[in-house]
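The residues making up each chain are set out below.
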Amino acid sequence: MSNASDTDPERRTRTDYNSLNTDVMQWVSALAALLGLYLVASPFLLESTDAAVWNDTLVGTAIFLTAGYNFYRLSKGRLASVGVASLTVLLGLWALVSPSFIDMGASALATGTAISGLLVAALAAYNAYANNKADTPERAGARA
């Protein structure tokens, strides 16, 4: 049984795919990675507890690595990994709420951690959304 898309020449030579500006998305990933580095450094720059040092260091390193991985993929002309971006969203959300559960030691550190987490979650969510909706020319033909 033949599919209608197999016989429609307009659908086989589709050029109206959803392209993605990978340069812009690289900057989004780079900014998220830099916020991860800020999370790593902030407990050493501000008054903090041992729990805050561990939390911000581990979460910040994970954000740096996941956002950096998507930056690398985008720098090679590939789409970012939606799964990795989603993990980055979760890490950002944890950084957002962690000051409610962990004694940070200083209100400046708690505020910085929460704001960084919010920004990381927003940037990574946009990254995941945009890359999920984007088509490469090869995928655009396959979806037609």
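Going by the annotation in an unreviewed UniProt entry, the name recorded for the protein is SPW repeat-containing integral membrane domain-containing protein, with Natrinema saccharevitans given as the source organism.

A. Main features of the UniProt feature "transmembrane region" (unreviewed entry) in the protein. Summarizing the sequence annotation, UniProt attributes the feature "transmembrane region" (unreviewed entry) to residues 24-46, 79-102 and 108-129 in the numbering used throughout. A distance of 36 Å separates the end C-alpha atoms of residues 79-102, which is 83% helix and 0% strand. Note that residues 108-129 is 100% helix and 0% strand, and that its end C-alpha atoms are spaced 31 Å apart.

B. Representation of the nonpolar core within the structure. Val28, Ala32, Ala33, Leu35, Leu39, Val59, Ile63, Ala67, Leu91, Ala95, Val120 and Leu123 form the largest nonpolar core, which has 12 residues in total. Looking at this core, the elements with two or more residues in it are α3 (22-45), α4 (50-75), α5 (82-101) and α6 (107-133). Here the element with the most residues in this core is α3; it accounts for 5 residues. With residues near it in sequence (within four places) discarded, Ala32 still touches Ile63, Ala67, Val120 and Leu123. Counting 6 residues, the second largest nonpolar core, distinct from the first, contains Ala52, Met104, Ala106 and Ala110.

C. Spatial organisation of a nonpolar patch on the surface. A surface patch of nonpolar side chains, amounting to about 380 Å² of accessible area, comprises Leu34, Leu37, Phe64 and Leu65. Residue assignment for the nonpolar patch shows that the elements contributing at least two residues are α3 and α4. Using a relative accessible area of 53% as the deciding quantity, one classes Leu65 as exposed.

D. Quick look at the packing of α4 against α6. The N-to-C vectors of α4 and α6 enclose an angle of 25°; their axes lie 12 Å apart at closest approach. Looking at the two axes, α4 sits roughly parallel to α6. Handedness of the crossing formed by α4 with α6: left-handed. Residues Ala52, Asp56, Ile63, Asn70 and Leu74 of α4 pack against Leu109, Thr113, Val120, Asn127 and Asn131 of α6.

E. Here's a closer look at the confidence of the model for the protein. Mean pLDDT over the protein stands at 84; residues scoring 70 or higher make up 79%. Taken element by element, the protein is modelled with least confidence in helix α7 (residues 137-143), mean pLDDT 42, and with most confidence in α5, mean pLDDT 96. The model gives residues 10-17 a pLDDT under 50, and that stretch makes 12 contacts with residues more than four places away or in other chains. Throughout residues 137-144 the model reports pLDDT below 50, and contacts reaching past four residues in sequence, or to other chains, amount to 13 contacts.

F. The packing of aromatic side chains, seen in detail. Throughout the structure, instances matching the rule amount to 1 aromatic pair. Between the aromatic rings of Trp94 and Phe101, the centroid separation amounts to 6.0 Å while the plane-to-plane angle is 10°, which identifies the pairing as stacked. On the basis of relative accessible area, Phe101 is assigned to the exposed category, the value being 63%.

The rules behind the values
Residues numbered from 1 in each chain as written. Predicted model: local features only at pLDDT ≥ 70, side-chain atom pairs only at ≥ 80, totals over all residues. Heavy atoms only, no water. UniProt positions renumbered as here; feature names shortened; annotations may be inferred. Helix = DSSP H or I, 4+ residues; strand = E, 2+ residues; numbered from the N terminus. Core = buried A, V, L, I, M, F, W, Y, C linked by side-chain atoms within 4.5 Å. Buried < 20%, exposed > 50% of the residue type's maximum accessible area, 1.4 Å probe, protein only. Contact = heavy atoms within 4.5 Å. Patch = residues over 30% accessible without salt bridge, like charges linked within 9 Å, V, L, I, M, F, W, Y side chains within 5 Å. Areas by Shrake-Rupley, 256 points an atom, 1.4 Å probe, with all protein chains shown as cover. Salt bridge = Lys/Arg side-chain N within 4 Å of Asp/Glu carboxyl O. Axes fitted to C-alpha atoms, helices over the stretch in contact; angles between N-to-C directions. Parallel < 35°, antiparallel > 145°, perpendicular 65-115°, else oblique. Left-handed = near helix turned anticlockwise from the far one by under 90°. pLDDT = per-residue confidence, 0-100. Phe/Tyr/Trp six-rings, centres within 6.5 Å; stacked < 30°, edge-to-face > 60°.

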